[in-house]
Amino acid sequence: QEKFLNRERLEDFRGFGGIRLEDNVVVTADGCINLTLCPRAAQEVLDVMSGGQWPPKEDVLPGMKRNWVTCRGGKIEKLNIKSV
């Protein structure tokens, strides 16, 4: 909403660049499961920006413990994404 924007302050960040990505995780007794499925590695972002496949065939960041699933026809389907 317009009344909440501080346009003068926004100008301080023009040309600064950058984005902020946050993860949604489930914490379990054995660790965590990352539910965020967006390109995170620089190469993933570049691949998607150039029209590459998403989700990828290989997980280049297995340490993120991403839970590779999708929803098809109203049903959750686990994807077979192998780790590099």
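One structure accompanies this document, and this report is about it. If you're wondering where the values come from, they're calculated on a predicted model, not measured in any experiment.

**Side note on the overall build of the protein**
- A tally of helices and strands in the protein yields 2 helices and 6 strands.
- Here the C-alpha atoms of the protein give a radius of gyration of 17 Å, more than 25% beyond the 12 Å that 2.2 N^0.38 yields for 84 residues.
- Counting only C-alpha atoms, the protein reaches 45 × 35 × 30 Å along its principal axes.
- Going through the 84 residues of the protein one by one, you find that 13% of them count as buried.
- For the protein, the proportion of contacts with a sequence separation of at least 24, taken over those separated by at least 6, is 32%.
- Accessible surface, the protein as shown: approximately 7100 Å² in total, 54% of it carbon and sulfur.

**Describing the side chain of Glu44**
- In this structure, Glu44 sits in helix 2 (residues 42–49).
- Polar side-chain contacts of Glu44 include one of 2.7 Å to the backbone nitrogen of Arg40.
- Engagement of the side chain of Glu44 in a polar contact is seen with the side chain of Arg66, the distance being 2.7 Å.
- In this structure Glu44 touches Cys38, Pro39, Trp54, Pro56, Val60, Leu61 and Arg66, once residues within four positions along its chain are discounted.

**Observations concerning the environment of Thr70**
- Residue placement: Thr70 occurs in strand 4 (residues 69–72).
- Along the sequence, Thr70 and Leu37 sit 33 residues apart, while their C-alpha atoms lie 9.3 Å from each other.
- Leave out the neighbours within four places in its chain, and Thr70 touches Lys75, Ile76, Glu77 and Leu79.

**Some thoughts on the side chain of Asp59**
- Counting through the fold element by element, Asp59 comes out in strand 3 (residues 58–59).
- Polar contacts involving the side chain of Asp59 include one to the main-chain amide nitrogen of Leu61, which spans 2.9 Å.
- Looking at Asp59, its side chain comes within polar contact range of the side chain of Trp68, at 3.2 Å.
- Excluding its chain neighbours within four sequence positions, the residues that come into contact with Asp59 are Arg66, Trp68, Ile81, Lys82, Ser83 and Val84.

Reading the values: rules and limits
- Residues numbered from 1 in each chain as written.
- Predicted model: local features only at pLDDT ≥ 70, side-chain atom pairs only at ≥ 80, totals over all residues.
- Heavy atoms only, no water.
- Helix = DSSP H or I, 4+ residues; strand = E, 2+ residues; numbered from the N terminus.
- Rg over C-alpha atoms; globule rule 2.2 N^0.38 Å.
- Buried < 20%, exposed > 50% of the residue type's maximum accessible area, 1.4 Å probe, protein only.
- Contact = heavy atoms within 4.5 Å.
- Areas by Shrake-Rupley, 256 points an atom, 1.4 Å probe, with all protein chains shown as cover.
- Polar contact = N/O pair within 3.5 Å; in protein donor to acceptor, adjacent residues only side chain to side chain.

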